[in-house]
Amino acid sequence: MRIYKANILHTPSPNHFEVYQGGYITVDDNGIIQGVYEVLPTEMEDMPVVDFGERLLIPAMNDMHVHAPQYANMGIAMDMELIPWLNTYTFPEEEKFADEQYAKAVYDAFVKELCRQGTMRAAVFATTHIHATQCLAKTFDEMGMGALIGLVGMDRHSPEELVNTASSWASDMQSLMQSMADMAKVKPIVTPRFIPSCTPAILQTMGTIATQFKLPVQSHLSENKQEIIWVQQLEPQSTCYGDAYHRYGLFGQTPTLMAHCCYTDGEELKLMHANDVCVVHCPTSNCNLASGIAPVRKFLQAGVRVVLGSDIAAGHHLSIFRVMQYAVQVSKLQYALSDGKLPFLTLSEVFYMATKAGGSFFGKVGSFEVGYAFDALVIDDMGIHDVGLPTDCQQRLERFIYLGDDRHIVHRFCQGKEISLNSQF
Ligand SMILES: [Zn+2]
């Protein structure tokens, strides 16, 4: 058992931060939280305490939509919309992952940077290359971090070097599952790239395997207007874009993450709610690709779950704190553009999306409640602003989210284990 003392903040519900100023968290030897206290119970008074002093202790981040093989393109190639951007910049970079050495170098750097930015778990797109994808899974496992790893399925409208087939994807998926069998926190996720890249044959196979092995699903949905028109042409029998996944068993039949949803409304929103399909809001990506503003308030009002994703390299930064900040800011633009009809998001709402809501895809993760994994960050916010610290812990966290960066994250824990940035693979 370990006892940690700090200024503790978390969001067990979206509407407010729960704060324990100078509070205590007890964590068992499996990394599971046993209690959170304002004052240490008398029976524990003689036990050693790891005291983080005046620092903040918060749940670690969960990035629920990120493309590991696009890491090298982060921060460049922002001059196109989705479809030409994929063809011009993204697919040529992903083709390089046929080379295992290149893949290993990029994936090592990617996982370390994710860790540096305070993200302990992620839902990740790899590429269609099985060996590179296995390497990505191994890297997360060796680092001690959590991940859902997606071997991408795509068999049309893509470069020849990147496509697989229904049968090659299925057999590669078996190999991937075997290689992950002993990994405690790294699991597979069924990952059709998006409808324009996937024939009915591969979608059918992916849906069957998701259901058979009870695997979660991730993909892209209603991101860009041109894309939506293309999907209507490709899948004319579908009532909406979401229905094109649904008819193949890839829309809530197992836990499902759908990134973007900038134009989701009507039938599609109803289907998402009925099937408990979760939106991954990626506001940095939506800005950079000029896609639109996902109506997150409308999703929340409809009872649809929302989590956050960095979506690099359409997103330009791996920090989920930056993504939170963008999520609030774009919701304020939407509030103004809708004449106040869609109230903007609050900081506690976006913090909840990044922690407890995203964490639910990994089990009991993302909150400091009894029974949850101790995934945590220690924040030293001294020196963020030369006027000194606000007295209120919630304002200190707010200032860190807006003005802080990875230099202010001084400890990182994933299920109780401290994760070091100096790990050698
Ligand atoms: Zn994406």
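Engineer: I'd like to hear about the sheet that holds strand S9 (residues 186–188), residue by residue, with values.
Structural biologist: Taken in spatial order, the four strands make up an open sheet running S5-S6-S7-S9, and their pairing is parallel. One side of each edge strand has no neighbouring strand; the edge strands of this open sheet are strand S5 (61–67) and S9. Neighbour-to-neighbour, the strand axes of the sheet open up by a mean angle of 15 degrees, direction not taken into account. Across five bridges, the pairing between S5 and strand S6 (residues 119–125) is parallel. Looking across to S6, one finds that Val-66 is bridged to Val-124.

Engineer: Residues and numbers for the coordination of the zinc ion, please.
Structural biologist: At this site the zinc ion is bound by His-65 (NE2), His-67 (NE2), His-220 (NE2) and Asp-311 (OD), with donor distances of 2.1 to 2.6 Å. Geometry at the zinc ion is irregular, judged from the four donor atoms that bind it and their angles of 86 to 171 degrees at the metal. The sequence pattern formed by the donor residues of the zinc ion is H-x1-H-x152-H-x90-D. In this pair, His-67 sits in strand S5 while Asp-311 sits in the loop between strand S14 (306–308) and helix H11 (320–337), placing the two residues 244 residues apart along the sequence. Accessibility classification places His-67 together with Asp-311 in one group, the buried group.

Engineer: Break down the sheet that holds strand S11 (residues 217–221) for me, citing the residues and quoting the values.
Structural biologist: Working definition: the strands of a sheet are paired by backbone hydrogen bonds and lie parallel or antiparallel to each other. With respect to topology, four strands assemble into an open sheet ordered S11-S12-S13-S14, the strand pairing being parallel. The open sheet is flanked by S11 and S14, the only strands paired with a single partner. Shown here is a sheet whose adjacent strand axes are inclined to one another by a mean of 30 degrees, direction ignored.

Engineer: Tell me about the environment of Gln-334, and please be specific about residues and values.
Structural biologist: Within the secondary structure layout, Gln-334 lies in helix H11. Note on Gln-334: relative accessible area 12%, which makes it buried. Taking the C-alpha atoms as reference, Gln-334 lies 30 Å from Val-19; in sequence the two are 315 residues apart. With sequence-adjacent residues up to four places away left out, Gln-334 is seen in contact with Ile-293, Ala-294, Pro-295, Val-296 and Leu-342.

Engineer: So what's going on with the nonpolar core? Residues and values would help.
Structural biologist: Within the largest apolar cluster, 111 residues are counted, with the highest numbers of intra-cluster contacts made by Phe-110, Leu-136 and Phe-140. Summarising the domain contributions, this core has at least three residues from each of domain 1 (2–60 + 366–418) and domain 2 (61–362). Contacts of Leu-136, omitting those with residues within four sequence positions, involve Ala-68, Tyr-107, Phe-110, Val-111, Val-124, Ala-126 and Ile-149. Among the nonpolar cores identified, the runner-up in size contains 16 residues, and Tyr-4, Ala-6, Phe-52 and Leu-57 belong to it.

Engineer: Got a sec to walk through the side chain of Glu-94? Specific residues and values, please.
Structural biologist: Relative to the helices and strands, Glu-94 is located in helix H1 (residues 82–95). Filtering out sequence-adjacent residues up to four positions away, Glu-94 remains in contact with His-67, Pro-69, Gln-70, Ala-126, Thr-127, His-129, Leu-162 and Arg-193.

Engineer: With reference to specific residues and values, describe helix H6 (residues 225–234).
Structural biologist: An α-helical turn contains 3.6 residues, so any two residues separated by three or four positions project in the same direction. Along H6, the positions that sit buried rather than exposed are Glu-227, Ile-228 and Val-231. Summarising the axial view, the buried residues of H6 lie within an arc of 100 degrees, below the 170-degree limit, and thus occupy one face. Of the residues in H6, the exposed ones pointing more than 90 degrees away from the buried face are Lys-225, Gln-232 and Gln-233. Tucked into the core, H6 has its buried residues touching H1 and helix H7 (241–246).

Engineer: So what's going on with unusual backbone geometry? Which residues, and what values?
Structural biologist: Geometrically, the link from Ile-312 to Ala-313 is a cis peptide bond, its omega value of 5 degrees lying close to zero. Considering the arrangement of structural elements, one finds Ala-313 in the loop between S14 and H11. At Ala-77, a residue that is not glycine, the phi angle is positive and equals roughly 60 degrees. Position of Ala-77 among the secondary structure elements: in the loop between S5 and H1. Not every positive phi belongs to a glycine, and Ser-222 is a case in point at roughly 45 degrees. Tracing the backbone shows Ser-222 in the loop between S11 and H6.

Thresholds applied
Residues numbered from 1 in each chain as written. Predicted model: local features only at pLDDT ≥ 70, side-chain atom pairs only at ≥ 80, totals over all residues. Heavy atoms only, no water. Pairing = 2+ DSSP bridges. Helix = DSSP H or I, 4+ residues; strand = E, 2+ residues; numbered from the N terminus. Axes fitted to C-alpha atoms, helices over the stretch in contact; angles between N-to-C directions. Donors = N, O, S within 2.8 Å, 3.2 Å for Na, K, Ca; no water. Tetrahedral: all angles 85-135°; square planar, octahedral: opposite > 155°, others 65-115°. Buried < 20%, exposed > 50% of the residue type's maximum accessible area, 1.4 Å probe, protein only. Contact = heavy atoms within 4.5 Å. Core = buried A, V, L, I, M, F, W, Y, C linked by side-chain atoms within 4.5 Å. Domains from an automatic or database assignment. Arc of directions from axis to C-beta.

Geometry only, nothing functional implied.
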